[in-house]
Amino acid sequence: VSLIARKEEEARALIQSVGDILITGTYNKRAKDEYRLSNLFRWITVGLFSIGIAIVISNFLIHLRHWWIGDDYVESSWALVTRLLTALVVALPAIYTARESARHRTNGDQATQRELELSTLGPFIELMPVDGKNAIRDRLTDRYFGNPIEPHKIESPLDSESISKIAEAVSKLVKPL
């Protein structure tokens with residue numbers, strides 16, 4: 001009987017080890033995937049902001065050239081509106097990709113934390129009495145399983161007050177022209 005009991009205990013330990021490896025491996029893969037997406041969105045954001053900066057520099061160089069040669073260059077209101085729209089076309093996707101990068105970074109951090117917690121649980125509770133181990137496992141079961149997924153909240157980069165201030169400022173700029 002003792003040989004059978006020992007083999008059962010070895011089988012339980014083996015199954016527990018395999019389960020731990022599968023669970024932590026899943027969290028490790030998820031963390032890597034989230035970090036990869038975070039970096040992709042980060043580089044897209046950098047690219048979009050670089051395009052915006054290039055547009056600003058090119059406009060500055062155009063004005064500098066006209067100033068340098070002494071040309072009487074008069075800016076039309078359509079040119080200002082076009083620049084504003086161009087800035088929005090570049091800035092809004094950049095804001096979105098920056099937020100997505102941050103969201104994926106947070107998801108990766110959570111998966112890394114969960115992997116660390118689960119992989120160290122066994123060694124942490126190994127020397128505890130059986131009742132203590134079971135109590136900890138019961139509490140952690142509620143923490144790790146059956147929880148709802150938090151919805152992704154999409155928040156506007158600008159609130160209505162900011163938009164009205166921007167519209168007011170643009171109308172003041174366009175009126176004199």
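Note that the coordinates shown come from a computational prediction; the quantities given were computed from them, not determined experimentally.

Asker: So what's going on with the overall build of the chain? Which residues, and what values?
Answerer: Assigned secondary structure in the chain consists of four helices and zero strands. Taken from N to C terminus, the helices and strands of the chain fall in the order α-α-α-α. With 177 residues in all, the chain has 17% of them scored as buried. For the chain, long-range pairs separated by at least 24 residues make up 82% of all intrachain contacts whose partners lie at least 6 apart in sequence. On the chain, roughly 13,900 Å² of surface is accessible, and the fraction owed to carbon and sulfur atoms is 66%.

Asker: Run through the pattern of salt bridges, naming residues and quoting values.
Answerer: By the definition in use, this model includes two salt bridges. Residue Asp33 is joined to Lys29 by a salt bridge in which the shortest nitrogen-to-oxygen separation is 2.9 Å. In this pair, Asp33 and Lys29 both sit in helix 1 (residues 2-69), four residues apart, roughly one turn of the helix. By relative accessible area, Asp33 is classed as partly exposed at 27%. As a salt-bridge pair, Glu100 and Arg103 come within 2.7 Å of each other at their nearest N and O atoms. Highlighted residues: Glu100 and Arg103, both in helix 2 (residues 77-125), separated by three residues, approximately one helical turn.

Asker: Please give an account of a nonpolar patch on the surface that cites residues and values.
Answerer: Together, Ile53, Ile57, Phe60, Leu61, Leu64, Trp67, Trp68 and Ile69 give the surface a local cluster of nonpolar side chains, amounting to about 960 Å² of exposed area. Relative to the helices and strands, Ile53 resides in helix 1. For Ile53, a relative accessible area of 52% corresponds to the exposed category.

Asker: Provide a residue-level description of helix 2, including the pertinent values.
Answerer: Across its 49 residues, helix 2 extends 71 Å between first and last C-alpha, which sits within 8% of the 72 Å expected from 1.5 Å per residue. Residue Ser119 marks the point of greatest curvature in helix 2, where the axis turns by about 25 degrees; the proline Pro123 follows within four residues.

Asker: Provide a residue-level description of the confidence of the model for the chain, including the pertinent values.
Answerer: Taken residue by residue, the chain gives an average pLDDT of 80. The fraction at 70 or more is 86%. Averaged pLDDT values over the elements of the chain bottom out at 77 in helix 4 (residues 160-174) and peak at 85 in helix 2.

About the criteria used
- Residues numbered from 1 in each chain as written.
- Predicted model: local features only at pLDDT ≥ 70, side-chain atom pairs only at ≥ 80, totals over all residues.
- Heavy atoms only, no water.
- Helix = DSSP H or I, 4+ residues; strand = E, 2+ residues; numbered from the N terminus.
- Buried < 20%, exposed > 50% of the residue type's maximum accessible area, 1.4 Å probe, protein only.
- Contact = heavy atoms within 4.5 Å.
- Areas by Shrake-Rupley, 256 points an atom, 1.4 Å probe, with all protein chains shown as cover.
- Salt bridge = Lys/Arg side-chain N within 4 Å of Asp/Glu carboxyl O.
- Patch = residues over 30% accessible without salt bridge, like charges linked within 9 Å, V, L, I, M, F, W, Y side chains within 5 Å.
- Expected span 1.5 Å × (residues − 1).
- Bend = angle between axes of the 7 residues up to and from the residue.
- pLDDT = per-residue confidence, 0-100.

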